[in-house]
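Below, each chain spelled out in residue letters.
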Amino acid sequence: MAQAQQTTGARSAAGRIEHARQQEARRVARRSFLRVSVFAGLTLSVGGLLAGFLGFFNLRNPTGFGGTVTVPKGAIPQPGGEPYRVSEGKFWLVNLAGAEGDVLDAGGSGGLLALYWKCPHLGCSVPWNGTLTGVAGFAGITGWFLCPCHGSTYSKAGIRVAGPAPRPMDTMELSVNSDGSVNVNTGKIEAGDEDNPLRAIAYSG
Ligand code: FES
């Protein structure tokens, strides 16, 4: 009898231990689940905030100066026409007719060129003067970019022919879209050089 009672007591003790062990295992599992949930929640929140930030400032696909600026087909000058000023991208879009603007005979054959309007001398914005003529050495050419600050003078291809600027006007990367519009990457600026006219991209509209 006493032996039977001992056996029953041992069994119930073992049951209590097993029950306690299962409860502890459940507590551990619950804590792990909570930790994972909190971490996932934080990750989603930070990701959402970051996406919102990038979206707000449009950093993933910037437009305007520093990003890509699209010039619609209708705004693109005819070959030999007046340069088109694109304020949003701080550049002039020119459509050179043949060797137009290639005043140093680099071998240009025309096309579209995006000229950064910032003067390579001290940074003034350079306007186009479509009636300016009589530039020394180039009396037969009408129409020049003329810097209002110190008089640097540039051909339609941005080649410097007078003034203190150390080089021709800088150019921006340009590509033609299938619909005839043009993308200018204002974040990709190349220092101007005598080969500016050779950087022009052929354009047929
Ligand atoms: S800033 Fe243009 S010539 Fe000086």
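Below is a summary of the structure that appears in this document. Just so it is clear, the structure is predicted and the values come from calculations on it, not from any experiment.

1. A look at the overall build of the protein chain
In terms of helices and strands, the protein chain carries one helix and 10 strands. Going residue by residue from the N terminus, the α and β elements of the protein chain occur as α-β-β-β-β-β-β-β-β-β-β. Split into buried and exposed, the 205 residues of the protein chain put 26% on the buried side. Put simply, 55% of the contacts in the protein chain that link residues at least 6 apart link residues at least 24 apart.

2. Considerations on the sheet that holds strand 8 (residues 160-162)
Spatial strand order, 5-6-7-8: four strands in an open sheet with antiparallel pairing. Edge strands, defined here as strands with exactly one partner in the open sheet, are strand 5 (128-129) and strand 8. Pairing analysis gives two bridges linking strand 6 (residues 144-146) to strand 7 (residues 153-154), with the strands arranged antiparallel. By the bridge assignment for strand 7, Leu146 is matched with Thr153.

3. Notes on the sheet that holds strand 10 (residues 182-190)
On the basis of which strands lie adjacent, the open sheet formed by six strands has the order 1-10-9-4-3-2 and antiparallel pairing. With one partner strand each, in any of the chains shown, strand 1 (68-71) and strand 2 (84-86) form the two edges of the open sheet. Strand-to-strand twist of the sheet, defined as the mean angle between neighbouring strand axes without regard to direction, takes the value 30°.

4. Comments concerning the environment of Val135
Along the polypeptide, Val135 turns up in the loop between strand 5 and strand 6. Put simply, Val135 and Ala162 are 27 residues apart on the chain and 8.4 Å apart in space, counted from C-alpha to C-alpha. Excluding anything up to four places from it in sequence, Val135 contacts Ile141, Trp144, Thr153, Val161 and Ala162.

5. Looking at the nonpolar core
Generally speaking, soluble globular proteins have nonpolar side chains that are buried together. Of all hydrophobic cores here, the largest spans 30 residues; its most connected members are Phe91, Leu93, Leu113, Ala114, Leu115, Val126 and Val184. Counting residues per element, the ones that place at least two in this core are strand 1, strand 3 (91-96), strand 4 (111-116), strand 6, strand 9 (171-176) and strand 10. Those residues in contact with Leu115 that sit more than four places away from it in its chain are Phe91, Trp92, Val94, Gly158, Met169 and Thr171.

6. Some words on unusual backbone geometry
Located in the positive-phi region is Lys90, a residue other than glycine, with phi close to 60°. When you line up the elements, Lys90 lands in the loop between strand 2 and strand 3.

7. Side note on the environment of Phe138
With respect to the helices and strands, the residue Phe138 is situated in the loop between strand 5 and strand 6. Each C-alpha atom, one on Phe138 and one on Ser155, is 9.8 Å from the other, the two residues being 17 residues apart in sequence. If we ignore the near neighbours within four places in the chain, the residues touching Phe138 are Val103 and Val161.

8. Some words on the pairing of strand 3
A large share of strand 3 lies buried, amounting to six of its six residues. Residues Phe91, Leu93 and Asn95 point to one face of strand 3 and Trp92, Val94 and Leu96 to the other, with burial holding for every one of them. Bridging between strand 2 and strand 3 involves three bridges; their strand directions are antiparallel. If you follow Arg85 over to strand 3, its bridge partner there is Trp92. Remark: four residues form the turn of the hairpin made by strand 2 and strand 3, two consecutive strands paired antiparallel; Lys90 in that turn has positive phi of roughly 60°. Taken together, the six bridges between strand 3 and strand 4 define a ladder with antiparallel strand orientation.

Cut-offs used in this document
Residues numbered from 1 in each chain as written. Predicted model: local features only at pLDDT ≥ 70, side-chain atom pairs only at ≥ 80, totals over all residues. Helix = DSSP H or I, 4+ residues; strand = E, 2+ residues; numbered from the N terminus. Buried ≥ 20, exposed ≤ 12 C-beta atoms within 10 Å, placed from the backbone. Contact = placed C-beta atoms within 7 Å. Pairing = 2+ DSSP bridges. Axes fitted to C-alpha atoms, helices over the stretch in contact; angles between N-to-C directions. Core = buried A, V, L, I, M, F, W, Y, C linked by C-beta atoms within 7 Å.

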